[in-house]
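Working through the structure, step by step
Below, each chain spelled out in residue letters.
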Amino acid sequence: MFCLCSAMRERTVPTELQTLYIDFDAFFANVEKQDNPALHGRPVGVQPFDSQYSGVIACCYQAKAAGIKRGTKTAECRDLCPEITLLPARHDVYVDYHKRIIACIERHLKVEKVWSIDEMECDLRGFTRAQAIEIARKIQTDIRLDIGEYVTPSIGLAANQLLAKICSEMEKPNGFVVLHPADMPGKLLNVPLGDIPGVAKGNLRRLDAAGIWNMEQLLAISAKQARALWGNIEGERLWAQLKGYPVMRPPTKRRMFGHGRILTREWSYPDRAKECLRLLTCKAARRLRADGFYARKLSISLSFIDGQKLGVERQFPPSKDDFRFVGEMDQAFTAMIAVSRSKRVKKVSVTLHGLSKPEETPGDLFTWSEENATRTSREKLSDVMDSINSKSGQALIHLGPREALPGGYAGAKIAFGRVPTDDDFAESKMTRKIRPRARL
Ligand SMILES: [Mg+2]
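The text that follows walks through the structure, step by step, so that each part is easy to find. (Residues numbered from 1 in each chain as written. Predicted model: local features only at pLDDT ≥ 70, side-chain atom pairs only at ≥ 80, totals over all residues. Heavy atoms only, no water.)

A short note on the coordination of the magnesium ion
Under ideal tetrahedral coordination, the four donors around a metal are separated by 109.5 degrees; under ideal octahedral coordination, the six donors are separated by 90 or 180 degrees. Quick note on the threshold: Atoms of type N, O and S within 2.8 Å of a metal are treated as its donors, and for Na, K and Ca the window is 3.2 Å; water is not considered, so some sites may appear to be missing partners. Secondary structure elements follow DSSP: runs of H or I of four or more residues count as helices, runs of E of two or more count as strands, with numbering from the N terminus.
Within the protein, Asp23 (OD), Phe24 (O) and Asp118 (OD) serve as the donor atoms for the magnesium ion, at 2.2 to 2.3 Å. When the donor residues of the magnesium ion are listed from N- to C-terminus, their spacing reads D-F-x93-D. Residue phenylalanine 24 is found in strand β1 (residues 19-24), and its partner aspartate 118 is found in the loop between β5 (111-116) and β6 (119-123); the two are separated by 94 residues along the sequence.

Structure representation (structure tokens):
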């Protein structure tokens, strides 16, 4: 087993800055401000779709100053900040800005890893402290000149990704924080344990029970104690990073493809909710195929307006075609609606999991039988549909009718850690609204 303790004994803490981390401030809201001069200087909030019932998913610092935060509902937003402009999210615009930002950064440094639509990491190895700071300042200036003064980044420079990310969050918005290894732990000591990325409420409870209430105490324990407190190697990894060590994580294995959607009132009836699920299922299936996977499980979960939550998991031989997934989804959905107290659905989600690659799938999948022949032809048909849609840049061929979903963007919404591709947007091009009007 990989032992971090022995690995650390052989490693030393770097003597120079190693990582630059950029985290954009209130990204969706600030992009909206940048994109529309009428919004300059005004408080702005972004909602998943145009509805008085939905909560904001992002808000600018002016709106934050008025007490609005993620999840604040429309009516409360207007009470707290009557002059606020609330806008439905435009995911394609945010992805466009994201691409331009990457191009801007890469004039100076290669982006080593995109962590999310508005967070990215670059490698500073080989630079002195002065050089690293100069490059980071140039990136900051270029973003202001090329992307715009409203799309502000907060930048952190440190000995590894975790420390650089923590630095990027220290002085938001428009932050610029350097934690050189020679100055460690320095300003790190001011960071509350709950603000460390990856420290969940459960971890905090265990730290609290062990009498560890601040960063100084956490840094003073041993690697072994950190592992014991977390109950796994993650504790030791986190502790080592906080001490400034470089920590390599094994690449994470993909476990699922899924999509969810909160439904507006008119989509809350069973036939429309199922239609929404069908489109999301096809979208998840398309991503599964694009990455070369098969799935043997499909899970559906439904939340109803009376608070009831139901979930069903279905299992089947390894599959990758829309026909199989939509059929399984249909049966799961019908079974849940039959037993639900309310018939009005508030939220739907679908997950394809139990993933495998073709070389890992059981042999009988590829031996001839009538069932396998049908499956093979359906899989080929799904592949052909993907190929035509991808080439045309639009969802020309699909299983069943298409409608604009609540919030649009069938499956091209930005999720944590995943930036939609052009293919994702092609999926929703046939139906989406081009530019919603701001409600000023
Ligand atoms: Mg951000």
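Moving on, there is more to tell.
Digging into a positive patch on the surface
Our working definition: The patch calculation keeps residues exceeding 30% relative accessible area without a salt bridge and links them within 9 Å when they carry like charges or within 5 Å when they are nonpolar (Val, Leu, Ile, Met, Phe, Trp, Tyr). With residues, only the protein chains shown are counted as cover, and all accessible areas are computed by Shrake-Rupley using a 1.4 Å probe. The working definition used for a salt bridge is a side-chain nitrogen of Lys or Arg within 4 Å of a carboxyl oxygen of Asp or Glu. The charge count treats Lys and Arg as positive and Asp and Glu as negative. His and the chain ends do not count. Working definition for charges: the position is that of NZ of Lys, CZ of Arg, CG of Asp or CD of Glu. The cut-offs for exposure are 20% and 50% of the maximum accessible area for each residue type, with area from a 1.4 Å probe on protein chains only; residues under the lower value are buried, those over the upper are exposed, and the others partly exposed.
On the surface, Lys73, Lys309, Lys346 and Lys347 cluster together into a positively charged patch. Its place among the elements puts lysine 73 in the loop between α3 (61-65) and α4 (74-80). Residue classification places lysine 73 among the partly exposed positions, given a relative accessible area of 43%.

Brief notes about the pattern of salt bridges
It is possible for side chains bearing opposite charge to pair when their charged atoms get close. In this structure the tally under the stated criterion is 22 salt bridges. Measuring nitrogen to oxygen at the nearest pair gives 2.5 Å for the salt bridge that ties arginine 314 to glutamate 328. Taken together, the residues arginine 314 in strand β11 (residues 309-319) and glutamate 328 in helix α13 (residues 322-339) connect sequence positions 14 residues apart. Overall, the relative accessible area of 7% leaves glutamate 328 in the buried class. Each of the salt bridges in this network shares a partner with another, and the network as a whole consists of Arg286, Arg289, Asp322 and Asp386.

Section: the environment of lysine 380
Note that lysine 380 resides in helix α14 (residues 370-392). Overall, lysine 380 belongs to the exposed group, its relative accessible area being 57%. Spatially, the C-alpha atom of lysine 380 lies 8.2 Å from that of aspartate 321, the residues being 59 residues apart in sequence.

A look at the packing of aromatic side chains
Given two aromatic rings, one states the distance between the centres and the angle between the planes to describe the pair. Basically, it comes down to this: In this scheme Phe, Tyr and Trp rings, the latter by its six-membered ring, pair at centre separations within 6.5 Å, and the angle between planes marks the pair as stacked below 30 degrees, edge-to-face above 60, and tilted otherwise.
Summed over all chains, the structure comprises five aromatic pairs. Ring centres of phenylalanine 27 and phenylalanine 28 lie 6.3 Å apart, and the angle between their planes is 55 degrees; this geometry places the pair in the tilted category. Given a relative accessible area of 4%, phenylalanine 27 falls into the buried group. Of the residues examined, phenylalanine 28 reaches a relative accessible area of 12% and is grouped as buried. Note on phenylalanine 316 and phenylalanine 325: the rings are 5.9 Å apart at their centroids and 55 degrees apart in plane angle, and the pair reads as tilted. For the pair phenylalanine 316 and phenylalanine 325, a shared accessibility class is recorded, and that class is buried.

Let's talk about the state of the cysteines
Using the following cut-off: Note on terminology: disulfide denotes any pair of cysteine sulfur atoms within 2.5 Å.
Counted according to the given criterion, the structure contains zero disulfides. Cysteine 59 forms no disulfide, and the closest cysteine sulfur to it belongs to cysteine 60, at a distance of 6.7 Å.

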